[in-house]
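Structural description and commentary
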Amino acid sequence: MFIIIGFIVVLGSVLGGFVLSHGKIGALWQPYELLIIGGAAFGAFLVANPIKVVKACVGGIPRLLKGAHYKKSDYVDILAMLYDVLMKARREGMMAIERDVDDPASSELFSRYPKLQADTRLMEFTTDCLRLMVSGNFEPHELEQVLDIELETHTKEANEPSHALQVLADSLPGFGIVAAVLGIVITMASIGGEAAEIGKHVAGALVGTFLGILLGYGFVGPLATAMHHHAQEEAKAFEIIKMALVSSLRGYSPSVAVEFARKLLFSDMRPAFSDLDAHLRANKR
């Protein structure tokens, strides 16, 4: 919602200021300038990025409009799920969760959290971590190192679309200059004609520069930044899983391990200790 509001503010401010300065909106409608800038930028975007990144960029924009992937209630569920897993392992031994880890889709433990169970990437990360713990061959620092490598890979992959869009945003002012130069070429070819016609060509060339800068800094650049923030927020879910499991392997009780994980969350998404405690108590009943 805020993305749409922001774009409306950008357009309203630019066009509103132009109209209030006695400019005519029609003068900014230069479809051939848009074709040059948009077509050239899109072509360069295709050349620079593999199809995986292109698809991620296209699919990432609708996800931005939906808001954060994990809400505060989802983090409560993640922490509660981790607590349940660690409590079962503490009471019955690590081998007791082996069946849950091997087949999370039919696990009674994970089925308490259907939304998380349906999140393939989250469940895969969780069960992979638990599988390493079940094997019993990892020291805490060794498991932490493995998980750090996986998180780094996940972060790089998640940030590829935002990086690609940022490069595109940086290139748009340059393509605006290309459109402007071509407009000047047309203008020079019309010298000797009517002054009004020459002025029209010059205005069209300047609009090319204007469009390149506006699209780059007003639209594509902010989208890239928003996509980067979205990826960083999504990574928090994986970070708290890593923190809770590594803390457990270091010998901390499930409640303390989950509390360490809770502390990793940003303030707007972090459930209060009392709220989480009440949620865990309710699940025990």
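Residues numbered from 1 in each chain as written. Predicted model: local features only at pLDDT ≥ 70, side-chain atom pairs only at ≥ 80, totals over all residues. Heavy atoms only, no water.

Here's the deal with the overall build of the protein
For the protein, the count of helices and strands is eleven helices and zero strands. Secondary structure elements in the protein, listed N-terminal to C-terminal, are α-α-α-α-α-α-α-α-α-α-α. For 285 residues, the compact-globule estimate of 2.2 N^0.38 gives 19 Å, and the protein exceeds it by more than 25% at 27 Å. Projected onto the principal axes, the alpha-carbon positions of the protein cover approximately 90 × 35 × 30 Å. With 285 residues in all, the protein has 37% of them scored as buried. Counting every atom, the protein has about 15900 Å² of accessible surface; 64% of that belongs to carbon and sulfur. Side chains of the protein give 26 positive and 31 negative charges; the mean places of these two sets differ by 6 Å. (Helix = DSSP H or I, 4+ residues; strand = E, 2+ residues; numbered from the N terminus. Rg over C-alpha atoms; globule rule 2.2 N^0.38 Å. Buried < 20%, exposed > 50% of the residue type's maximum accessible area, 1.4 Å probe, protein only. Areas by Shrake-Rupley, 256 points an atom, 1.4 Å probe, with all protein chains shown as cover. Lys, Arg positive; Asp, Glu negative; His and termini not counted. Charge placed at Lys NZ, Arg CZ, Asp CG, Glu CD.)

Some words on the packing of helix 4 (residues 72-92) against helix 10 (residues 254-263)
Where helix 4 contacts helix 10, the axes come no closer than 9 Å and their chain directions differ by 155 degrees. Here helix 4 is positioned roughly antiparallel relative to helix 10, judged by the angle of their axes. Handedness of the crossing formed by helix 4 with helix 10: right-handed. Taking contact as the criterion, the partners of Leu-79, Leu-82, Tyr-83, Leu-86, Met-87 and Arg-90 in helix 4 are, on helix 10, Pro-254, Ser-255, Ala-257, Val-258, Ala-261 and Arg-262. The residue makeup of the contact of helix 4 with helix 10, split by class, is nine nonpolar, one polar and two charged. (Axes fitted to C-alpha atoms, helices over the stretch in contact; angles between N-to-C directions. Parallel < 35°, antiparallel > 145°, perpendicular 65-115°, else oblique. Left-handed = near helix turned anticlockwise from the far one by under 90°. Contact = heavy atoms within 4.5 Å. Nonpolar A, V, L, I, M, F, W, Y, C, P; charged D, E, K, R; others polar.)

With respect to the UniProt feature "transmembrane region" (unreviewed entry) in the protein
In the UniProt entry, the feature "transmembrane region" (unreviewed entry) is given for residues 32-51, 172-192 and 198-220. In residues 32-51, helix accounts for 90% and strand for 0%; the two terminal C-alpha atoms are 27 Å from one another. The span residues 172-192 is 86% helical and 0% strand by assignment, and the distance between its end C-alpha atoms comes to 32 Å. (UniProt positions renumbered as here; feature names shortened; annotations may be inferred.)

With respect to helix 1 (residues 2-20)
Helical geometry note: an α-helix holds 3.6 residues per turn, so side chains three or four residues apart project in the same direction. The end-to-end C-alpha separation of helix 1 is 26 Å, in line with the 27 Å expected for 19 residues at 1.5 Å each. Of the residues flanking the end of helix 1, it is His-22, one or two places downstream, whose phi is positive at about 70 degrees. (Expected span 1.5 Å × (residues − 1).)

Remarks on the side chain of Thr-127
Inspection of the secondary structure assignment puts Thr-127 in helix 7 (residues 120-135). If we ignore the near neighbours within four places in the chain, the residues touching Thr-127 are Val-101, Pro-104 and Phe-110.

Re the nonpolar core
If you look at the biggest cluster of nonpolar residues, it comprises 42 residues, and the most contacted ones within it are Tyr-75, Ile-78, Leu-122, Leu-130 and Leu-245. Residue assignment for this core shows that the elements contributing at least two residues are helix 4, helix 7, helix 8 (140-189), helix 9 (195-249) and helix 10. By residue number, the principal contributor to this core is helix 4, which donates twelve residues. Setting aside its immediate chain neighbours within four residues, Leu-245 contacts Leu-82, Leu-86, Thr-126, Cys-129, Leu-130 and Met-133. (Core = buried A, V, L, I, M, F, W, Y, C linked by side-chain atoms within 4.5 Å.)

Structural notes on the layout of surface pockets
Where empty space is left becomes clear once a probe the size of a water molecule has been rolled over the atoms. Its volume calculated, the largest pocket comes out at about 450 Å³. If you trace the largest pocket, you find 20 residues lining it, with Arg-63, Arg-121, Ala-158, Pro-161 and Glu-234 closest to the centre. Contributing elements (two or more residues each) for the lining of the largest pocket: helix 3 (51-66), helix 7, helix 8 and helix 9. At six residues, helix 3 tops the list of elements feeding residues into the lining of the largest pocket. For the lining of the largest pocket, the residue count by class is ten nonpolar, three polar and seven charged. Quantified by volume, the second largest pocket comes out at close to 350 Å³. (1 Å grid on protein atoms, 1.4 Å probe; cavity = no way out; pocket = protein on both sides within 12 Å on 5 of 7 lines; lining within 4 Å. Points joined across faces, edges and corners; volume = space filled by probe spheres on them.)

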